[in-house]
Amino acid sequence: MINVVGVIGAGQMGNGIAHVMALAGLDVYLKDVSQENLERAMGVIEQNMQRQVGSGKLDEGEMVAGLARISPVLTDEYLGHVDLVIEAATENEEIKKSILAPLGSQMKPEAIIATNTSSISVTRLAAVTDRPGQFMGMHFMNPVPVMKLVELIRGIATSEETFQTIKDLTGRLNKTPTPAEDFPAFIVNRILLPMINEAIYTLYEGVGTVQAIDTAMRLGANHRMGPLQLADFIGLDVCLSIMQVLYEGLADTKYRPCPLLVKYVEAGWLGRKTGRGFYDYSTDEPTPTR
């Protein structure tokens, strides 16, 4: 039974995971490299819980209790207390490996390690740990407090007991677990990111403007967000990283990242988080940049 969880990385995904874990009654250690990041994350979590209180999904007492279950930490002393650690760092294989490799030596022998990777091989990440049988992918969707799906990905060595334990935990979080095989980008991003990449090619080739493409997909395909708007929300650096994983992992030219996507990332136009991507967010109403 998992009761105490460590979440490594207090960014958008990490603070969302800590949020849902705490509301499900688990004690959470939220680890990051800077106090500033941790304070920002706790502010975001409180703001998101307040929003849930305002919409009637949560009462004030549940929010106070949930916030009290989250302990922000800068060091690794917490590792000996946890039943599960979830790595939620940036989508970069070398960074993830450097975080994952030393964890096991500080954890209980029976504790599980999970990664929130959205595209990278779970088997390769597991191989750098001391417990590949107790390692798997637990890919939450963004924004975590709202989205119901969690992709569960076994590495080649993941034990059935580990899989069932994480599947049970996903149910306790009021999320729907969906098993996916350990192929590049799994299910959701294997389908979603090539669609976004194709939308960027459509812009690159002058078939339509940013506004025309997003309007067409919202009204013509009944998508809640247009693909370029969604790319900005995800982060263009994340989109590019996933497309590179697909292109390198499957060796098929249909996954080649659009040169325009590469150019935007090189310019530092990463979407909402930098204030500029396919839209400029410096005004009240986002305006297309092309």
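Within each chain, residues carry numbers counting from 1 in the order of the written sequence. Since the coordinates come from a predicted model, pLDDT governs what is reported: local features require at least 70, and pairs of side-chain atoms require 80 or more to be given and counted, while whole-chain, interface and lining totals use all residues. Each side-chain value is worked out from all heavy atoms of the structure, with water and hydrogens disregarded.

The chain is annotated in an unreviewed UniProt entry as 3-hydroxybutyryl-CoA dehydrogenase from Sneathiella chinensis. UniProt positions are given in the numbering used here, feature names are shortened, and annotations may be inferred rather than shown by experiment. According to UniProt, the comment filed for the chain under the heading Sequence similarities (unreviewed entry) is "Belongs to the 3-hydroxyacyl-CoA dehydrogenase family."

Undergrad: Would you explain helix α4 (residues 93-100) in this entry?
TA: Because each turn of an α-helix spans 3.6 residues, side chains separated by three or four positions end up pointing in the same direction. Within the sequence span of α4, burial applies to Glu93, Lys96, Lys97 and Leu100. Viewed along the axis of α4, the buried residues span an arc of 100°, placing them on a single side of the element. Residue contacts are counted whenever heavy atoms from the two residues lie within 4.5 Å of one another. Each helix is a run of H or I in the DSSP string that is no shorter than four residues. Each strand is a run of E no shorter than two, and both are numbered from the N terminus. Among the structural elements, β4 (84-87), β5 (112-115), α5 (122-127) and β6 (135-140) are those in contact with the buried residues of α4. By the N-cap criterion, in which a side-chain oxygen at the helix start approaches the backbone nitrogen of a residue two or three places on, α4 is capped by asparagine 92, the distance to glutamate 94 being 3.1 Å. Each residue is assigned to one of three classes by its accessible area relative to the maximum for its type, calculated with a 1.4 Å probe on protein chains only: buried under 20%, partly exposed between the two thresholds, exposed over 50%. Think of the arc as the fan of directions from the helix axis to the C-beta atoms. Think of a polar contact as two N or O atoms within 3.5 Å of one another; within protein, one of them needs to be a possible hydrogen donor and the other a possible acceptor, and neighboring residues in sequence only count if both atoms come from side chains.

Undergrad: Any chance you could explain the pairing of β6 here in plain terms?
TA: Where burial is concerned, most of β6 is hidden: 6 out of the 6 residues are buried. Across 3 bridges, β5 lies against β6 in parallel orientation. Across the sheet, residue threonine 115 finds its bridge partner in β6, namely glycine 137. At this point the chain moves from β5, through α5, to the parallel β6, and the crossover so formed is right-handed. Direction of pairing for β6 relative to strand β7 (residues 149-154): antiparallel, over a ladder of 5 bridges. Within β7, the residue paired with phenylalanine 140 across the bridge is valine 150. In this scheme, strands are said to pair when DSSP sees at least two bridges between them. The definition of a right-handed crossover adopted here requires that, viewed with the strands pointing away, the path from the first strand over the helix to the second runs clockwise.

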